[in-house]
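Spelled out, the chains give:
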Amino acid sequence: MPFTSSKLDPSAALHRHPILAGDPWTGDLTRGQILRIVDVEGNQAADTLFYDSHDPANRYSASDTIRHQAALYLGTGTQLISTGGDVLLTLIADTCGRHDTLGGACSRESNTTRYAVEKEYMHACRDSFLCAVHTWRPDLGKRDITCNINFFMNVPVTSDGQLTFADGVSAPGCYVELRAERDVTCVISNCPQLNNPCNAYNPTPIEVIIWDS
Amino acid sequence: MPDLEINSTPDVPLFTKTLSHSGMWSGRISRGKTLRLTDLEGGANVGLLLYHADVPSERYNLPDTLKTQHTFHLRHPYCLHSDMGRVLASITTDTVGWHDTVCGCSDAKLVAAKYGIKTYQTARNEFHRNGRDCFLLELAKWGLGQRDLVPNVNVFSKVIADEAGRLTFVREHSQPGSRVDLRFELDTIVVLNTCQHPLDPDSKYHPRHVRLEVFRTTPPASDDACRRSCPENERAFTNTENYHALRS
């Protein structure tokens, strides 16, 4: 995917918010607003979900997004498609070059199968997602958490059908920028995973910056 | 090449149904039974979603299934994992060797653009259906809906990715008579339809006939090929058995 930088000035932003490793974040974007997610120290995975703010059942869909562009990885120009077939956001700038939407989010339960039964106690993205969606709307829960985007994460697929979690291609200060094509709510879990190289085994903060249209 | 294992199943199925015309079906299949899908004509696609019958918010999970087994495609002896670290179903027999699970399903817009519009008014039961609407129709019968739509399996279809992640549908992948057996490890609500794969370049609308059969099968032994296929699956089987131990 091409590298595309942005001319937007963070000092003119509407909102800036650091998200510490392992923390959830929820934010609303009105149509036309721009969200930048910054990988502050590099090699961090930002597990991200998007919902139509007025209809949470119309949410980001990994398979509709993949089908729509007939390609696996997300980059500049990717349109994020919902379960209802709508364009939620468009990826308009990217200084990282590759983002994943196959790897999903870690959970305490999947940690037991992927690594060891003893890893169950470790903090995981699904718990952060559950806190975030419930804080946003108490009527939402696990049912509303679907396959997410992993910004800055590298999950290469080979032509013979293998899938691996590789060391990140991101670096300190890399960012991705998305324009909201309708009113959307963003839910992020800044991934706490310590058992694979998605965070270089050292989860670090990210920052979200929002500009008005 | 994948290993192929033909399980010995009883000759007489508990249930048989042949789907035609973008056919759709849903049913609750209990632990220990096996669903056999047979592509009667070649070139079939079966869009498949699975939900734990006890708590349907536990459902087939694409990322956990792929990353647990370090694969981009499905085949014997892989398993279909839920989002709770458990196995919903195991692929015990597979004469195809590659099934897609990343491309999702067609929707009304895609079908209209690819095949044209054919309404019931003009075409009666030859009218054009799409995968998304078929899933929603069957999900509704179990009290489920759009909140429960997640990436599905596309049984019998092969899609490969190049280095840049661009996807190509492989034509003539599934032959007439191809079959896949899914042995259920949890009581499962199965929701499926035979709409064509969304990336199938064929401009002709012709969903293939697919036969469904359900057999009663023996539970997985300690040396079961699916259980033993990787340490991750062994742990997922243990999690599944722990669930049953507490429940029964």
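Basis of the calculations
Once a new chain begins, its residue numbering starts again from 1 and follows that chain's sequence as written. Working convention: letters from A go to chains and numbers from 1 go to ligands, in the order in which they are written. This being a predicted model, a pLDDT of at least 70 is required before a residue's local features are given, and a value of 80 or more before pairs of side-chain atoms are given or counted; all residues contribute to the totals for chains, interfaces and linings. Going along the chain from the N terminus, every DSSP run of H or I of four or more residues is numbered as a helix, and every run of E of two or more is numbered as a strand. We compute the radius of gyration from the C-alpha atoms alone; for a globule the expected value is 2.2 Å times N to the 0.38, where N is the number of residues. Counting other C-beta atoms within 10 Å of each residue's C-beta, where C-beta atoms are placed from the backbone, gives the exposure class: buried for 20 or more, exposed for 12 or fewer, partly exposed between. Here, residue contact means that the backbone-derived C-beta atoms of the two residues sit within 7 Å. Between any two strands, at least two bridges found by DSSP are needed for them to pair. Simply put, an axis is a line fit to the C-alpha atoms, just over the touching stretch for a helix, and the angle between two N-to-C directions goes from 0 to 180 degrees. We define a nonpolar core as a collection of buried residues of the types Ala, Val, Leu, Ile, Met, Phe, Trp, Tyr and Cys that are connected via C-beta atoms lying within 7 Å of each other. Any residue that is not Ala, Val, Leu, Ile, Met, Phe, Trp, Tyr, Cys, Pro, Asp, Glu, Lys or Arg is counted as polar, Gly included; the first ten are nonpolar and the last four charged. Helix span is expected to be 1.5 Å times the residue number reduced by one. Here the arc refers to the directions that run from the helix axis out to each C-beta atom.

### What to know about the overall build of chain A
Per the secondary structure count, chain A includes 3 helices and 11 strands. Ordered by position in the sequence, the α and β elements of chain A form the string β-β-β-β-β-α-β-β-α-α-β-β-β-β. Here chain A has a C-alpha radius of gyration of 16 Å; the compact-globule value for 213 residues is 17 Å, and the two agree. When each of the 213 residues of chain A is scored for burial, the buried share is 51%. Sequence separation of 24 or more characterises 76% of the internal contacts of chain A that already satisfy a separation of 6 or more.

### Re the sheet that holds strand β1 (residues 15-19) of chain B
Note on sheets: strands pair through backbone hydrogen bonds, and any given pair is parallel or antiparallel. Residues and elements named next belong to chain B. The strand order across the open sheet built from 6 strands is β1-β12-β3-β10-β6-β5, with neighbouring strands paired in antiparallel fashion. The outermost strands of the open sheet, each flanked by one partner alone, are β1 and β5 (79-81). Geometrically, the sheet is characterised by an average inter-axis angle of 20 degrees between neighbouring strands, direction not taken into account. In the sheet, strand β6 (residues 87-94) pairs with strand β10 (residues 178-184) via 5 bridges, with the strands oriented antiparallel. Its bridge partner lying in β10, Ile 91 is registered against Leu 182.

### Concerning the nonpolar core
Among the nonpolar cores identified, the biggest contains 115 residues, and A:Ile37, A:Phe50 and B:Leu50 are the most heavily contacted of them. Residues within four places of A:Phe50 in sequence aside, it is in contact with A:Arg59, A:Tyr60, A:Leu80, A:Leu88, A:Leu89, A:Val184 and A:Cys186.

### Quick notes on the pairing of strand β4 (residues 46-52) of chain B
Residues and elements named next belong to chain B. A large share of β4 lies buried, amounting to 7 of its 7 residues. Side chains Val 46, Leu 48, Leu 50 and His 52 project from β4 onto one buried face, and the interleaved Gly 47, Leu 49 and Tyr 51 project onto a second face that is buried too. Pairing geometry for β4 and strand β7 (residues 153-155), over 3 bridges, is antiparallel. Residue Gly 47 lies in a different strand from β7, and its bridge partner there is Asn 154. Inspection of the sheet shows β4 paired to strand β11 (residues 188-193) by 6 bridges, in the antiparallel sense. Note that in β11 the partner of Leu 48 across the bridge is Leu 192.

### Structural notes on the interface of chain A and chain B
Facing 34 residues of chain A, the contacting portion of chain B comprises 39 residues. A class-by-class count of the residues in the side of chain A that touches chain B yields 12 nonpolar, 15 polar and 7 charged.

### Notes on the sheet that holds strand β2 (residues 24-29) of chain B
All names here are of chain B. Taken together, the 4 strands give an open sheet; going across it, the order is β2-β11-β4-β7, and neighbouring strands pair in antiparallel fashion. In this open sheet, the two edge strands, each paired with only one partner strand, are β2 and β7. Averaged over all pairs of adjacent strands, the angle between their axes in this sheet comes to 25 degrees, without regard to strand direction. In the packing of helix α4 (residues 131-140) onto the sheet, the strands contacted are β2, β4 and β11, and the crossing angle to β11 comes to about 145 degrees.

### Thoughts on helix α3 (residues 125-136) of chain A
Residue and element names in this part refer to chain A. Over its 12 residues, α3 extends 16 Å from the first C-alpha to the last, a length consistent with the 16 Å expected when each residue adds 1.5 Å. Those residues of α3 that sit buried are Cys 125, Arg 126, Ser 128, Phe 129, Ala 132, Val 133 and Trp 136. Down the axis of α3, the buried side of the element spans an arc of 155 degrees, and every buried residue falls inside it. Along its buried surface, α3 packs onto β2 (24-29), β4 (46-52) and β10 (184-190).

### Digging into the environment of A:His15
Mapped onto the elements of the fold, A:His15 is located in strand β1 (residues 15-19). Expressed as a C-alpha distance, the spacing of A:His15 and A:Leu72, which sit 57 residues apart in the sequence, is 31 Å.

In short, shape yes, function no, at least from these values alone.
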